[in-house]
Amino acid sequence: MGNFQIFKFSNYMLSIKNLQARIEEKEILKGINLDIKPGEVHAIMGPNGSGKSTLASVLAGRSDYEVTGGEVEFNGKDLLEMSPEDRSREGLFLAFQYPVEIPGVSTTNFIKTAVNEIRKYRGEEPMDAVEFLKRMKEKMKLVEIDQSLLSRSLNEGFSGGEKKRNEIFQMAMLEPSMSILDETDSGLDIDALRIVAEGVNKLRNGKRSFLVITHYQRLLEYIVPDYVHVLYKGRIVKSGGKELALELEEKGYDFIKEELGESVEA
Amino acid sequence: MRAKKSKMSDLKELIQNKFNNEPFSGNGALQALSQQGIQLFKELGIPTVKHEEWKYTRISAVLNKDFSYAAETTAVSKADVDAFRLPGYETANELVFVNGIYHAELSTIRSSADELVVLPLSEAVKGEYKSIIDNNLGHSASYHTDGINAMNNAFAYQGLFMAVKKNKAVKHPLYCYYINDARAVSVLSQPRTLMHVGVNAEVYLVEEEITLGASDSFINRISEIVVEENANVHIYKIQNEDSHSSCVKTTHVRQLGVSKVNSVTLTLNGGVIRNNLNFILEAPGCESNMYGLYCVKGETHVDNHTIVDNMMPHSLSNELYKGIIDENATGVFNGKIFVRKDAQKTNAYQSNKNILLSDTAGINTKPQLEIFADDVKCSHGCTIGRLDEEPLFYLKARGIGDKEAKALLLHAFAGEILEKIELEPIRAYADAIISERLGFEI
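The model shown is predicted, which means the values in this text are computed figures rather than measured ones. (Residues numbered from 1 in each chain as written. Chains lettered and ligands numbered in written order. Predicted model: local features only at pLDDT ≥ 70, side-chain atom pairs only at ≥ 80, totals over all residues.)

A. Representation of the overall build of chain A within the structure. Helix and strand counts for chain A stand at 10 helices and 12 strands. In terms of overall size, chain A behaves like a compact globule, its C-alpha atoms giving a radius of gyration of 19 Å where 266 residues would be expected to give roughly 18 Å. For the C-alpha atoms alone, the extent of chain A along its principal axes is close to 60 × 50 × 35 Å. When burial is assessed residue by residue, chain A has 42% of its 266 residues classed as buried. (Helix = DSSP H or I, 4+ residues; strand = E, 2+ residues; numbered from the N terminus. Rg over C-alpha atoms; globule rule 2.2 N^0.38 Å. Buried ≥ 20, exposed ≤ 12 C-beta atoms within 10 Å, placed from the backbone.)

B. Inspection of the overall build of chain B at higher detail. Scanning chain B from terminus to terminus reveals 10 helices and 20 strands. Its C-alpha atoms give chain B a radius of gyration of 21 Å, within 12% of the compact-globule value 22 Å for 442 residues. Taken over the C-alpha atoms alone, chain B extends approximately 70 × 50 × 45 Å along its principal axes. Split into buried and exposed, the 442 residues of chain B put 53% on the buried side.

C. Inspection of the interface of chain B and chain A at higher detail. Taken together, the contacts link 17 residues of chain B with 20 residues of chain A. The element contributing the most residues to the side of chain B that touches chain A is helix H9 (residues 402–418) of chain B, with six residues. When the residues that make up the side of chain B that touches chain A are grouped by side-chain class, the tally is nine nonpolar, three polar and five charged. (Contact = placed C-beta atoms within 7 Å. Nonpolar A, V, L, I, M, F, W, Y, C, P; charged D, E, K, R; others polar.)

D. How the structure looks around the pairing of strand S3 (residues 41–45) of chain A. All names here are of chain A. Here S3 lies mainly inside the structure; five of its five residues are buried. In S3, alternate side chains face the same way, and those of Val41, Ala43 and Met45 on one face and His42 and Ile44 on the other are all buried. Looking at chain direction, S3 and strand S10 (residues 209–214) are connected through five bridges and run parallel. Bridge pairing in S10 places His42 opposite Leu211. Here four bridges tie S3 to strand S11 (residues 227–232), and the two strands are oriented parallel to one another. (Pairing = 2+ DSSP bridges.)

E. Structural view of the pairing of S10 of chain A. Residue and element names in this part refer to chain A. For S10, a buried count of six out of six residues is recorded, marking the element as mostly surrounded by other parts of the structure. Judged by which residues are buried, S10 turns out to be covered on both faces: Ser209, Leu211 and Ile213 on one side and Phe210, Val212 and Thr214 on the other are all buried. Two elements, strand S9 (residues 178–182) and S10, share five bridges in a ladder whose sense is parallel. Residue pairing across strands places Leu181 opposite Val212, the latter belonging to S10. Following the chain from S9 across helix H7 (residues 190–203) to the adjacent parallel S10, one finds a crossover that is right-handed. (Right-handed = clockwise from strand over helix to strand, strands pointing away.)

F. Representation of the environment of Lys42 of chain B within the structure. Residues and elements named next belong to chain B. Summarising the element assignment, Lys42 is placed in helix H2 (residues 29–44). Residue Lys42 is classed as partly exposed on the basis of its C-beta count, with 16 C-beta atoms lying within 10 Å. Remark: the alpha-carbon pair of Lys42 and Gly147, spanning 105 residues in sequence, is separated by 7.8 Å.

G. Spatial organisation of the sheet that holds strand S5 (residues 174–181) of chain B. Residues and elements named next belong to chain B. With respect to topology, 10 strands assemble into an open sheet ordered S2-S1-S5-S8-S10-S12-S14-S16-S18-S20, the strand pairing being mixed. Looking at strand neighbours, the two that pair on one side only are strand S2 (101–102) and strand S20 (377–385), the edges of this open sheet. With eight bridges connecting them, S5 and strand S8 (residues 202–212) associate as parallel partners. Note that in S8 the partner of Cys176 across the bridge is Glu207. Sheet contacts for H9: strand S12 (260–269), strand S14 (287–296), strand S16 (316–325) and strand S18 (347–356); angle to S16, the most-contacted strand, approximately 150°. Where helix H10 (residues 424–438) meets the sheet, it contacts S8, strand S10 (232–240), S12 and S14, and its direction lies at approximately 30° from that of S10. (Axes fitted to C-alpha atoms, helices over the stretch in contact; angles between N-to-C directions.)

H. Layout of the sheet that holds S11 of chain A. Residue and element names in this part refer to chain A. Sheet architecture is open: six strands sit in the order S6-S9-S10-S3-S11-S12, paired in mixed fashion. Two strands bound the open sheet, and with one partner strand each, they are strand S6 (92–95) and strand S12 (235–240). If you compare each strand with its neighbour and ignore which way they point, the axes differ by 20° on average. Running over the sheet, helix H6 (residues 160–174) touches S6 and S9 and is turned about 170° from S6.

I. Molecular detail of the packing of helix H4 (residues 129–142) of chain A against H6 of chain A. All names here are of chain A. One way to put it is that H4 packs onto H6 with a least axis distance of 9 Å and a crossing angle of 140°. In terms of their interaxial angle, H4 and H6 are classed as oblique. The two elements H4 and H6 meet at a crossing, and its hand is right-handed. On H6, the residues that touch Arg135, Lys139, Met140 and Leu142 of H4 are Phe169, Ala172 and Met173. Within the contact of H4 with H6, the residues separate by chemical class into five nonpolar, no polar and two charged. (Parallel < 35°, antiparallel > 145°, perpendicular 65-115°, else oblique. Left-handed = near helix turned anticlockwise from the far one by under 90°.)

J. Looking closely at helix H3 (residues 107–121) of chain A. All names here are of chain A. For H3, with 15 residues, the first-to-last C-alpha span of 21 Å sits near the 21 Å given by 1.5 Å per residue. Restricting attention to buried positions, one finds in H3 the residues Thr107, Phe110, Ile111, Thr113, Ala114, Val115, Glu117 and Ile118. After H3 finishes, the residue Gly123 shows a positive phi value of roughly 75°. (Expected span 1.5 Å × (residues − 1).)

K. Focus on the confidence of the model for chain B. All names here are of chain B. Per-residue pLDDT for chain B has a mean of 94; in total, 97% of the residues score no lower than 70. Overall, residues 1–6 carries pLDDT values under 50, and its contacts beyond four positions in sequence, including any with other chains, amount to one contact. Reported confidences for the modelled complex are a pTM of 0.91 and an ipTM of 0.93. (pLDDT = per-residue confidence, 0-100.)

Given below as structure tokens:
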């Protein structure tokens, strides 16, 4: 506890101030500002290479990225000071764009370990087997995931849709206060997209917040955001309501480029 | 240097004296192998690191000690055996070897004689098994031209013969305990077995070395196994001893008919451990699966030398050895595959994967393919590294701490080999040891 940095009291779940990050020598995030209140759903859209996934990775604590400036406050705590596991234990969840296949680790055992590690961090007893199974069953229904899938090795040989549903299933099991969905819609057919979106919607309870990162407007028809932000060249260049997503869909990202042509340096 | 030399000559003397004091009275194959063994041992001596097959394993340093090469001792009691019996022993045949010699009173044979025959080689050679013994005993010698193999051959006549009768699936697995009683003195022993698995037969073999006491122990063991048509053989070897226990184990399998053999070699702890595993595929359509796991730390040195000799067409050999090496432990993997001229349509796969957990851990890995046929599928590969970052991050992103995440991944890495063990009590036993080692709990 050597860090006595005091954050101003805020009623934000997540507050990002002037966040800058790079990978190796390449600057990717060039000053992100974003505030998310409890219960809100924010969407981040942007063309390829704008820094969307980098933002998700930096928030989750991936070590490939170096934060070069700015601060992030999560539930009143300094997020950037925390290890990836502590971020998760504090209630942050990242649904991976590319969920990792881990042969030899059964999905069930993995989730049980995760649930209990988080409980341990909060000073709670491990979840008893009956309660765990009950919660599993309940959440499996939520994302229409099958028991046989969960007894297999984590994500191994899962289809793209199964992997994404498994991410949402894990999210449901861990009940995070802040969830980041990194292009969860990529590679999904319309049925899988609907299942994933419904899973997310059922977790919305006025307290949990979501940051939905996507390239396409399609997902936002199912998960209706309160705010939409456009990320371009490492900055949020435009924010608005859900109608902004429709506008982007209609006009394409070029309209952003045109609109901001002068103000965004090449 | 001078001291070392005198110790080595001590060992030569030890072997020669024993040979003179315990002469073999018979003749035939046993006698010939014995004579040939002692001659070759005198010529070759103990291999140094100049010997290509012993380059990374300094076996002379292990043998540079005051060993006693005792005859069978009766000091080992039933209670001693009880202390290390492997799980599932209640339904197993238990074969106990004390200082290299089969000990009938301490052993329990549950299978009936029409399924399983257990006889000293010197007796078996006088009866119906003569031709089997004549044709197979010492077959491994042509694959190992060194003094270690030769010095066991010199005393092969003190070994044990086992036969699994044709058309019999032996229900009770064979648990073989090779005990060195090093409570009073340092002990060198040389167990020798020949097993014949008949047509349509099936057998499970579990082998473990055990040292009693704190003195040095060295076991130089050769097990030759002859597999007839349609037979199924499962061989599981476990090494989990203290650092003063070293051994060279040679398992030499001849598949004479179309047959299937699965082998799992586990090295969990010990001094210097050399596992030789040879598969000679002499019939078309054989299948051989060779799995190995070494999970070692401290100063343990583990050396897996494997040979697959494909002599006839349409065979499949599949080899996967994995290592988790920590602290100052070191490993060697040397996998040779021969595909002879007649062995067309051979499929031979080999893979060796290693995870090094410390900066001072080491591995030397060397695949060798010698292919003389032109229509074959062979592959080999090896990896040496640390744990992958991606899975580690994925687990941490779910709240699992660094230590637990690593344990989970290492356990999964080892699990791929453990799951090849089809005897559940043995698999669970090995899993428990490895889980504890890796700090893995579920």
